Amino acid sequence: MSAQAMRYWILLGIVAVFFAVFSFTINNFASPMTVTNLIRQSAVFTILSIGMTLVIIVGGIDLSVGANIALSGAVAAVIMNAVGPESAGGALAGILASVLVSTAIGAVNGILCGYLGISAFMATLAMQTFCKGLTLMVTNSTRIVITNSYYKWLGNAQWKLGGLVIPSSVVFLVPFIILCLWCVKKLTFGIRLYAVGGNARAAHASGINSKGFIFLTYVITGFLCGIATILTVGRASSAQPLAGEGLEFTVITAVVLGGTSLLGGVGTIAGTFLGCLLMGTITLGINMINISVFWNYIIKGLCVLGAVLADQTVASARSLFRKKEKPLLAADNEKALAAIRENDRHVLELSHIDKSFSGIPVLKDISLKIEGGRVHALMGENGAGKSTLIKIISGIYQKDGGTLSIDGIPVDIHSAADSQKLGIAVIYQEFALIPELNIAQNAFLGKEKRKWNLFLSVPEMEKETGKYMDLLHLRTSVTRKVRDLSVSQQQMVEIAKAMGSDSWLVVMDEPTSAITDADKEELFKVIREMKAAGMAIVYVSHRMGEIFEICDDVTVLRDGEYIATKKVSETTEQELTRLMVGREVNDVFLREKVSVDQAEEPVFKVENLSRRGAFDPISFEVRAGEVLGLSGLMGAGRTEIARCIFGLDRPDSGRMWLNGQEIHITSPKKALSQGICYVSEDRRREGIIPLRSLKENICLADLSQILKGFVVDEGKQEALYEEYQQKFRIKAVSGEQPIERLSGGNQQKCCLARMLACRPTLLILDEPTRGIDVGAKKEIHQLIEKMAKEHMAIILISSELPEILGACDRILVLSEGSLTGTFQGSEATEEGIMECAFAGQS
Amino acid sequence: MSDRKNGVLRKPDLNRMINIGILAALMCVATISNRSFLSPGNLLGVLEQNAAKGVMALGATFVLITGGIDLSMGNGLTMIAVVSSILHVSTGNRAWLLVALCVLIGSVLGSVNGFLITKCRLLPFVATLGMMTIAEGITHWASEGKIMFLSSPAVSYIGRGKVFGVLPFQTVAFLFMAALAAVILYRTRLGTATYALGSNEAAAACCGINTSRQKFKIYVLNGMFIGVAALLTVSRVGQISPNLGGDSMMDAIAAAVIGGTSTMGGRGTIGGTIIGTLIIGVLINALTFMEVPVNAQSAIKGLVILIAIVVDALFTLFQKRKSGKD
């Protein structure tokens, strides 16, 4: 049974239990009248819950619903009493006023949260205060009685059906629930809803107007508030200034009970309905028992906490079953620490380390020895497992098997604090700096020096930080916030941080990827000093030159496996490359090149495209069947160019032509409609909608292809999935499987499939093989070959030189945002490209 | 993404200047409408009236900087005030007991929030939403049908007394709490951790910070601030009522946010929160002098908060454009 179905049954079960308890304890509870009362009482918050569910799924929240009802009710009452206290016209005016005012408030919320990107919590909280104030003004703090019988009828009418009394709210409630269920299930609305909620950036990059959609959900909620107003005012025969007070929290509680996550992307209308049923039953029962209102609050509060907790308990119980590991040797951190204090040269030994993520092994039986007084390089392609290994040493990840030992004494490293205590410092590739804190605060983060064990000794820490900064020749005040530093300076702060930590082992993950050559020399000087002092350094880098300049030993990993450890003095670049890439080095990326007639009219052309701070004006063209490579270092402007072409960023200048026609791209949606597709380098953030199924992920970029009329045709959706699943050999259980369960390579194939389903004229692939295994790499390149043969124009962006060299017909090289070289595929060499990539660097 | 960054104006500094500008403008308007606005008596009065809200805003600042939220603040204040007042009165009006109980019950509330958030891994919104409802229930249970007055002279002194005959005690209490908050935020490990948690929790963990323990402490601290706010409120009102909390959660969060604290976490200062509290206080003070009806005041307050948020958002958007990132 799926987790969702289980939740439904559990909720129904709890409702049944409450019903049974109330039936025994309260006279007349088990009667048709209860049903009537239940509907009457819960109608308003059930209607609102539908809107709230939509808002919460897209990652927002609406705290203004209660105040919204009060305000629109007050306005409607005033208008109705002015237009015609008794006439049908007056009632109509009142209805219109309720709906219009409410929808307008929803629209303002939508603009604030959707288009201006203000935190939904803050915006709607302020809106709540504003509406409450306005209501008090309109009503003058007293209730406004309405006499219009037509309007009252809407809230009060009831019909007898057999033994059952059906209140008028059913007329509102049932159609809205059915309509909403239908919209979510049958229209592309549902697919877009979960896409925006699951990953708004990826949805935007797939041509969905995320901002507009978020706006829409708030407008819908506003409109539903209008309906709720009619019911509320009609039933009470008056507009009350304090109507709807605290209603938003009841509504949110019901929605959360129904399984909607406040983090967005998860939840169903059906679940919300059951949540409302539960809330309604509890409230009704407690009111009838006639006990203290105290219990009502306590039970509601416990329900919220309990429902969410229960979910987590189920999840953690499941993960308990998966756990297995048992350390082979008893670890003794204290003993190791004592040993560290006694000796001054140490050895960290990793033996038989295993690690897997959701069943996919990323490290297999790695054994490695890191000695003091030496610089140990760790090499391997992207996805080889270097970063995972580092995170196991530093305690961010826990190993599944194997042992870590220092000086022969096994140690347990369960957190970053553990590894720090044992004298291990790590400089991460993605910086672990806090932008809001200054340099000194960052340098001592987590290990601050204190007076009386309480107050920070700021001057002392600043002085010491200054010392390290001087060593690194970093000339800036230690009280500057890290946010204001350049990337290169931030990297140096990371290094200073490691130096200040009293460690004997420093792990550096790509420390030179973001710094200038001059800074690199300072860094190397520091590394040599550390080495002389007996410290051990683990150095991760892709740059061969650096390995040979600074390192003593080098270990190569490939696809999570240990390949070899060599002395740097006894190896060569060629040997290392061979070890890193394995046998298939030549045939992974190589494709049969079709000769493209350069005289032929280009499919796509840009002229003087530029974006300030990203890249200088650039002009180039791509022909049908041609693969154009964009090469250069990270941050050279390659991705930024692609983003401007696809409409994710706005260029400052430049013109573009597609098939000879000038085009103006302002959003991904427009780019897609013109036949330009882009597969992002950042699969997690701009590619997949993690929690949604493969089927949904694949059809996202062109929803019209799965429509029959304007309704989603599940057959077509299935067929689309089948087509690409076979074509791309996507390894999945079924189309219903959530995409996050797939391996990186299969996820990437899905992202590619999503774009190819739009039948693009121009396809831009940004690092299409980053972080995926060799087999999948090869398959993706076979697909590229096939697409080129089918006369698609392709732009390929990659940091891996073999990929660029093997796959491209023509190569543009960028450095610091400007074009520094153009090569024909046949005459390009690694050296030539690297020279251009470093050209103009300071 | 681009690895480059352009020189961007330091935002909070500008934000701070804008805030001081708004405050100055409001004070000018207030002075024009009422010549005695700038009199020391009135200025101290503004601080006195807003002391409890200000203390609560200080607590909220900590929680918001960690990227969390505390919805139980308003109802929590009422609960703390009501329960401790009842115990205080029924055990013979000892003032020290009221003070101790307020802080104690506050920290219990904070610990429960902290426990739910760190140990049970609930979202702060959900955990404090649940506690909000439960606090309301306890208030009703404790206060049902009771009318109770606080008559101890020491409590009246906390509520309306003047230190050295001039400085309102509430003002002094607020300033003391602000100083305390500043010391904690800027001069202790907990303060540094507060920023680290809200800015990048994973990075904070990488640096060896015990993130859940620090987060727990923040919520306990916030609970104590709510306790102090409850003490100030109930001693000023001199009577228990289920409406003591009122709009205080909204006001506290608004004061912090107007003062430049981000609801996304990572950003915020004590100075900003004090200015935010003053902006709301002066606004209400000026509106009262202008004889704007109370009902309209609350609408205007909401509008001002909305405008402040929108200006801030537009400003951020503008700056993003300028720095070349969409």
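Structure: above.
Residues numbered from 1 in each chain as written. Chains lettered and ligands numbered in written order. Predicted model: local features only at pLDDT ≥ 70, side-chain atom pairs only at ≥ 80, totals over all residues. Heavy atoms only, no water.

Participant: So what exactly am I meant to see when it comes to the overall build of chain B here?
Facilitator: When helices and strands are tallied, chain B shows 14 helices and two strands. The C-alpha atoms of chain B give 20 Å as radius of gyration, which agrees with the globular expectation for 326 residues (20 Å, within 12%). Projected onto the principal axes, the alpha-carbon positions of chain B cover approximately 65 × 55 × 35 Å. Burial analysis of chain B (326 residues in total) assigns 59% to the buried set. Look at the contacts in chain B between residues 6 or more apart in sequence, and 75% of them connect residues 24 or more apart. As displayed, chain B has an accessible area near 12,800 Å², and 67% of this comes from carbon and sulfur atoms. Computed over 25 positive and 12 negative side-chain charges, the inter-centroid distance for chain B is 9 Å. (Helix = DSSP H or I, 4+ residues; strand = E, 2+ residues; numbered from the N terminus. Rg over C-alpha atoms; globule rule 2.2 N^0.38 Å. Buried < 20%, exposed > 50% of the residue type's maximum accessible area, 1.4 Å probe, protein only. Contact = heavy atoms within 4.5 Å. Areas by Shrake-Rupley, 256 points an atom, 1.4 Å probe, with all protein chains shown as cover. Lys, Arg positive; Asp, Glu negative; His and termini not counted. Charge placed at Lys NZ, Arg CZ, Asp CG, Glu CD.)

Participant: Is there a simple way to explain a positive patch on the surface in this structure?
Facilitator: The grouping of A:Arg450, B:Lys119, B:Arg121, B:Arg213 and B:Lys217 at the surface amounts to a positive patch. Inspection of the secondary structure assignment puts B:Lys217 in helix H11 (residues 211-237). Residue classification places B:Lys217 among the partly exposed positions, given a relative accessible area of 36%. (Patch = residues over 30% accessible without salt bridge, like charges linked within 9 Å, V, L, I, M, F, W, Y side chains within 5 Å. Salt bridge = Lys/Arg side-chain N within 4 Å of Asp/Glu carboxyl O.)

Participant: I'm lost on the packing of helix H3 (residues 51-65) of chain B against helix H12 (residues 248-258) of chain B in this one. Help?
Facilitator: Working note: a packed helix pair is described by the angle between its axes plus the distance between those axes. All names here are of chain B. Packing of H3 against H12 leaves a shortest axis separation of 8 Å and a crossing angle of 65°. As for the relative orientation of H3 and H12, their crossing is right-handed in sense. Residue-level inspection shows Lys53, Met56, Ala57, Thr61 and Leu64 of H3 in contact with H12, the latter providing Ser248, Met249, Asp251, Ala252, Ile253, Ala255, Ala256 and Val257. Tallied by class, the residues present in the contact of H3 with H12 amount to nine nonpolar, two polar and two charged. (Axes fitted to C-alpha atoms, helices over the stretch in contact; angles between N-to-C directions. Left-handed = near helix turned anticlockwise from the far one by under 90°. Nonpolar A, V, L, I, M, F, W, Y, C, P; charged D, E, K, R; others polar.)

Participant: Before we go on, may I ask you to explain the sheet that holds strand S18 (residues 615-622) of chain A in this structure?
Facilitator: Whether parallel or antiparallel, the strands of a sheet pair through hydrogen bonds between backbone atoms. Residue and element names in this part refer to chain A. With respect to topology, four strands assemble into an open sheet ordered S18-S17-S20-S21, the strand pairing being antiparallel. Pairing within the sheet leaves two strands with one partner each, and these edge strands are S18 and strand S21 (661-663). Ignoring which end each strand starts from, the neighbouring axes of this sheet average 20° apart. Direction of pairing for strand S20 (residues 653-658) relative to S21: antiparallel, over a ladder of three bridges. Among the inter-strand pairings, Leu658 is bridged to a residue of S21, identified as Gln661. (Pairing = 2+ DSSP bridges.)

Participant: I'm lost on the packing of aromatic side chains in this one. Help?
Facilitator: Centre-to-centre distance and the angle between the planes together describe a pair of aromatic rings. All names here are of chain A. Following the criterion strictly, the structure yields twelve aromatic pairs over all chains and no others. Ring centres of Trp153 and Trp159 lie 6.1 Å apart, and the angle between their planes is 80°; this geometry places the pair in the edge-to-face category. Residue class for Trp159 comes out partly exposed when judged on its relative accessible area of 37%. Between Phe189 and Phe213 the ring centres are 5.2 Å apart and the planes differ by 45°, which places this aromatic pair in the tilted class. Residue Phe189 is found in helix H8 (residues 188-198), and its partner Phe213 is found in helix H10 (residues 210-236); the two are separated by 24 residues along the sequence. Grouping residues by exposure puts Phe189 and Phe213 together as buried. (Phe/Tyr/Trp six-rings, centres within 6.5 Å; stacked < 30°, edge-to-face > 60°.)

Participant: Explanation requested: the interface of chain A and chain B in the structure shown.
Facilitator: A common measure of how large an interface is: the accessible area buried when the components associate. Contacts between the two partners involve 81 residues from chain A, matched on the other side by 73 residues from chain B. Between chain A and chain B, a total of about 6,600 Å² is buried, with carbon and sulfur atoms accounting for 69% of that surface. Of all residues in chain A, A:Met122, A:Tyr297 and A:Leu305 give up the largest surface area on contact with chain B, accounting jointly for 9% of the area buried on that side. At the boundary of chain A and chain B, one finds two salt bridges. A salt bridge links B:Arg189 to A:Glu448; the shortest N-O distance between them is 3.2 Å. For the pair chain A and chain B, the interface holds six residue pairs in polar contact (both at pLDDT 80 or more). Sorting the residues of the side of chain A that touches chain B by element identifies helix H5 (120-139), helix H11 (247-257), helix H13 (293-322), helix H16 (416-421), strand S12 (455-456), helix H19 (487-499) and helix H23 (638-646) of chain A as the ones contributing at least two each. Residue classes in the side of chain A that touches chain B are distributed as 47 nonpolar, 16 polar and 18 charged. (Buried area = accessible area lost by both parts, 1.4 Å probe. Polar contact = N/O pair within 3.5 Å; in protein donor to acceptor, adjacent residues only side chain to side chain.)

Participant: Sorry, what's going on with the side chain of B:Thr233 here?
Facilitator: Residue and element names in this part refer to chain B. If you trace the backbone, Thr233 turns up in helix H11. By relative accessible area, which is 13% here, Thr233 ends up buried. Contact partners of Thr233, with chain neighbours within four places excluded, come to Ala52, Leu77 and Leu244.

Participant: Got a minute to help me understand helix H3 (residues 65-83) of chain A in this structure?
Facilitator: If you check H3(A), its first and last C-alpha atoms are 26 Å apart, about what 19 residues at 1.5 Å a residue would give, namely 27 Å. With 14 of its 19 residues buried, H3(A) lies for the most part within the structure. (Expected span 1.5 Å × (residues − 1).)

Participant: Sorry, what's going on with the packing of helix H2 (residues 40-49) of chain B against helix H8 (residues 169-187) of chain B here?
Facilitator: Residue and element names in this part refer to chain B. Two elements in contact, H2 and H8, have axes separated by 8 Å at closest approach and are oriented at 65°. In terms of crossing hand, the pair formed by H2 and H8 is left-handed. Two secondary-structure elements touch here, H2 through Leu44, Leu47 and Glu48 and H8 through Gln170, Thr171 and Phe174. Residue classes in the contact of H2 with H8 are distributed as three nonpolar, two polar and one charged.

Participant: Please clarify how the environment of B:Ala178 should be interpreted in this entry.
Facilitator: All names here are of chain B. Tracing the backbone through its elements, the reader meets Ala178 in helix H8. Classification of Ala178 as buried rests on a relative accessible area of 6%. Measuring from C-alpha to C-alpha, the distance between Ala178 and Thr273 comes to 9.3 Å, with 95 residues separating the pair along the chain. Not counting the four nearest positions on each side in its chain, Ala178 is found in contact with Leu58, Ile270 and Ile274.

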